[in-house]
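Examining the three-dimensional arrangement
The primary structure of each chain is shown beneath.
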Amino acid sequence: MAQPGENLRINADRLWDSLMEMAKIGPGIAGGNNRQTLTDEDGEARALFKRWCEDAGMTVSVDEMGTMFARREGTDPDALPVYVGSHLDTQPTGGKYDGVLGVLGGLEIVRSLNDLGIRTKHPIVVTNWTNEEGTRFAPAMLASGVFAGLHERDWAYDRTDRDGKRFGDELQRIGWKGDEPVGQRKMKAFFELHIEQGPILEDEDIDIGVVTHGQGQKWLQVTITGRESHTGSTPMYKRRNAGLGMARVTELVHEVAMDYQPNAVGAVGHVEVYPNSRNIIPGKTVFTVDIRSPDKKILDMMDARIREGAAAICEALDVGHEIEQVGHFDPVTFDEGCVKAVRDAADRLGYSHRNIVSGAGHDACWINRVAPTAMVMCPCVDGLSHNEAEEIDPEWAQAGADVLFHAVVETAEIMP
Ligand code: HGY
Ligand code: MN
Ligand code: MN
């Protein structure tokens, strides 16, 4: 006798078509996407998502951080809803699937339930979290962080991008600042489908990553202050070179991460050099250190070593420095019940699967603090992401969305 929902499958072609349709908004220059948060392109993507959700019979609400909640009613309107989603914003040289697969995978579940005429006891809410990437406005996972109570809404509104534009003003400008207070929604569970953004699943030829944990991360914004002077006529001994300081701290970050292999990682991805002139010794550099580890103790040790090392480097170069922590979350353990729902779904559907720790941060990492949460991962080509060449196989999207479908619908309880 088939289990409830045993033969449930999503419509893979429709999901793929929606992914390709969404990818047309905010195209990159090399086949990916540049749809950064709170840009006009983000606004356009939101409007398309809203239209699709309403076409699928859902009602869409927007909270004060711009997060979108599309609700499909359950037979019991008072039952806690099951949430499913991710993010539509991308990196400046992002791919077509990072975040988007999780949002449109949630929409595809509702579309499939409509096709099959299936009702669930619990409502289902498909979610688009604002500013998951944190590339334009740090930190990452900003709206889900406010929702989970890690950040104050007004602090988030005051975050500025490199042109000095405020998050709150940009949200208002694109017309997506809702009036629903943030974080009051109660959830039965939250599920997020996401590409792995690493090489493990593809290398091992496995369909599904059952995400048991998320590694912790820290973003340290370093400002080094030296003195601008002529690159030709200033003798080496008289230089106070903020660019050299940045280079040495960048090397230090790499060396510290290499000391904690195989899991720790570290790099500097964002750099600003002032005045950035070919023949002026940099008087100031601002850059962000991104360090991560599944082990909190190691993450804290890396943080301490980098702060200590940076101080020594800057003293030796006679330059000043400041370090501001602009992002942080500790390693995350997802909810066992939700993780089991994901694993059982993969088994039932006949997809190969393995436990995996998420290398990237996700909105699920914050929502896990306020509701039982789990993630489903699918492979991506070459493990590549945060690169316009990010690519997945349509079958991988289908497998991930099928597993998400079962985990969500089982938790939302199919009505006979
Ligand atoms: O930084 C991250 O891990 C995520 O892509 N925002
Ligand atoms: Mn993402
Ligand atoms: Mn990302």
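What you are looking at is a predicted structure, and each value in this text was computed from that prediction instead of being measured.

The rules behind these values
- Residues numbered from 1 in each chain as written.
- Chains lettered and ligands numbered in written order.
- Predicted model: local features only at pLDDT ≥ 70, side-chain atom pairs only at ≥ 80, totals over all residues.
- Heavy atoms only, no water.
- Donors = N, O, S within 2.8 Å, 3.2 Å for Na, K, Ca; no water.
- Helix = DSSP H or I, 4+ residues; strand = E, 2+ residues; numbered from the N terminus.
- Buried < 20%, exposed > 50% of the residue type's maximum accessible area, 1.4 Å probe, protein only.
- Contact = heavy atoms within 4.5 Å.
- pLDDT = per-residue confidence, 0-100.
- Phe/Tyr/Trp six-rings, centres within 6.5 Å; stacked < 30°, edge-to-face > 60°.
- Lys NZ or Arg CZ within 6 Å of the ring centre and 35° of its normal.

With that settled, consider the coordination of the manganese ion (ligand 3). Octahedral metal centres with six donors ideally show angles of 90 or 180 degrees, and tetrahedral centres with four donors ideally show 109.5 degrees. Taken together, Asp98 (OD), Glu133 (OE), Glu133 (OE) and His386 (NE2) make up the full set of protein donors to the manganese ion (ligand 3), lying 2.2 to 2.5 Å away. Separation of the manganese ion (ligand 3) from the manganese ion (ligand 2) amounts to 3.4 Å, with aspartate 98 serving as a shared donor to the pair. Taken as a pair, aspartate 98 in the loop between strand E3 (82-86) and helix H3 (100-116) and glutamate 133 in the loop between strand E4 (124-128) and helix H4 (142-147) lie far apart in primary sequence, 35 residues in all. Of the two residues examined, aspartate 98 and glutamate 133, each falls in the buried class.

This part covers the environment of valine 339. Locating valine 339 in the fold gives a position in helix H10 (residues 336-349). Sequence separation between valine 339 and proline 372 is 33 residues; the distance between their C-alpha atoms is 9.3 Å. Look past the residues within four positions of valine 339 in its chain and what remains in contact with it is Val210, Val211, Thr212, Phe334 and Ala374.

All right, on to the confidence of the model for the chain then. Close inspection of predicted coordinates is inappropriate for parts of the model with low pLDDT. Averaged over every residue, the pLDDT of the chain is 97; residues scoring 70 or more account for 99%. Within the chain, no element has a lower average pLDDT than strand E12 (residues 320-329), which sits at 96, and none a higher one than strand E2 (residues 68-72), at 99.

We now examine the packing of aromatic side chains. Counting across every chain of the model gives eight aromatic pairs. Their ring planes at 80 degrees and their centres at 5.4 Å tell us that phenylalanine 137 and phenylalanine 167 sit as a pair that is edge-to-face. With phenylalanine 137 in the loop between E4 and H4 and phenylalanine 167 in helix H6 (residues 167-173), this pair connects stretches of sequence that are 30 residues apart. Grouping aromatic residues by their ring pairs yields a cluster made of Phe69, Tyr83, Trp129, Phe147 and Phe190. Its end group placed over the ring of phenylalanine 69, arginine 185 keeps NZ or CZ at 4.0 Å from the ring centre. Over the aromatic face of tyrosine 274 sits the side chain of lysine 284, whose NZ or CZ is 5.1 Å from the ring centroid.

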